[in-house]
Structure formats: structure tokens, C-alpha cells
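# Structural overview for review
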Amino acid sequence: MKISEYTFSESEIAMLEEYRDGQKDSRLKIRFIALLTAALKFSPGEISAVLGKSVKTLENWFNQYVSKGIESLNSFDYKPKQPYLSIS
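Below, the discussion takes up the pattern of salt bridges. This model, assessed by the stated rule, comprises 2 salt bridges. Note that D21 and R20 form a salt bridge whose closest N and O atoms lie 2.8 Å from each other. The partner of R27 in a salt bridge is D25, and the shortest N-O contact between them spans 3.0 Å. When its relative accessible area of 52% is taken as the criterion, R27 is described as exposed.

Below, the structure is given as C-alpha cells:
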């Protein structure tokens, strides 16, 4: 599903606003702002231009939101790579 085809419900918009307002990390806050502007029917190109993020990044955030839920956008979910070298 594309961002522009999705219709956000009133409760989804309220939840996005709550997460946006409660977020202290500005990098994560941008994710919620992006989805809120999509809810206002801004095009992905317009959102991309304003936020300085690629359309592909916006699509990734949207797909993550749809498939894993809003809480998945609230962290970076960073997993460090295992080193090839070991201490021995």
C-alpha cells in the first residue's frame, strides 16, 4: 500500500500526535511528523522536500508503521554487527 492511498483514522492521528509530542529525540520525532503530514494528504514528494528525507525513507517508515505498529517507530532498533576478530 502506498502512503498517498492510506486513510488515517482519527484515533491514529491522535496517537501519532501523542508520540510526536512525547518524543525527546528529534530524529525519531521526524518519523511521526512525516506520518502526520501524510495524514493531512501532503504528497510523499512534498514531505520529503520539507523534512529532507528521501521518499524511500518515508515509504520505509510507513511500511514499518503499517506492518509492525506505531511503537516500532519509537526506537532505532539498532543491532551492532558481530566482529569477525576475536580476542584469543
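The subject of this paragraph is unusual backbone geometry. Positive phi values are uncommon outside glycine, yet K41 reaches one of about 70°. Relative to the assigned elements, K41 resides in the loop between α2 (26-39) and α3 (44-51).

Turning to the side chain of R31, a few remarks are in order. Inspection of the secondary structure assignment puts R31 in helix α2. Lacking a salt bridge, the buried R31 has D25 as its closest oppositely charged neighbour, with an N-O distance of 8.4 Å.

Here α2 contains 14 residues, and its C-alpha end-to-end distance of 20 Å stays within 8% of the 20 Å for a straight helix at 1.5 Å per residue. Those residues of α2 lying buried are L28, R31, F32, A34, L35, L36, A38 and A39. Here the buried face of α2 lies against α1 (10-22), α3 and α4 (55-68). N-cap assignment for α2: the residue whose side-chain oxygen lies 2.8 Å from the backbone N of R27 is D25. Trailing α2 by a residue or two, K41 shows a phi angle of about 70°, which is positive.

Let us now look at the packing of aromatic side chains. Following the criterion strictly, the structure yields 5 aromatic pairs and no others. With 4.8 Å between their ring centres and 80° between their planes, Y6 and F8 make a pair best called edge-to-face. For the pair formed by Y6 and F8, the shared burial category is buried. Residues F8 and F62 carry aromatic rings whose centres are separated by 6.5 Å and whose planes lie at 70° to one another, so their mutual orientation is edge-to-face.

Reading guide: rules and limits
Residues numbered from 1 in each chain as written. Predicted model: local features only at pLDDT ≥ 70, side-chain atom pairs only at ≥ 80, totals over all residues. Heavy atoms only, no water. Salt bridge = Lys/Arg side-chain N within 4 Å of Asp/Glu carboxyl O. Buried < 20%, exposed > 50% of the residue type's maximum accessible area, 1.4 Å probe, protein only. Helix = DSSP H or I, 4+ residues; strand = E, 2+ residues; numbered from the N terminus. Lys, Arg positive; Asp, Glu negative; His and termini not counted. Expected span 1.5 Å × (residues − 1). Contact = heavy atoms within 4.5 Å. Polar contact = N/O pair within 3.5 Å; in protein donor to acceptor, adjacent residues only side chain to side chain. Phe/Tyr/Trp six-rings, centres within 6.5 Å; stacked < 30°, edge-to-face > 60°.

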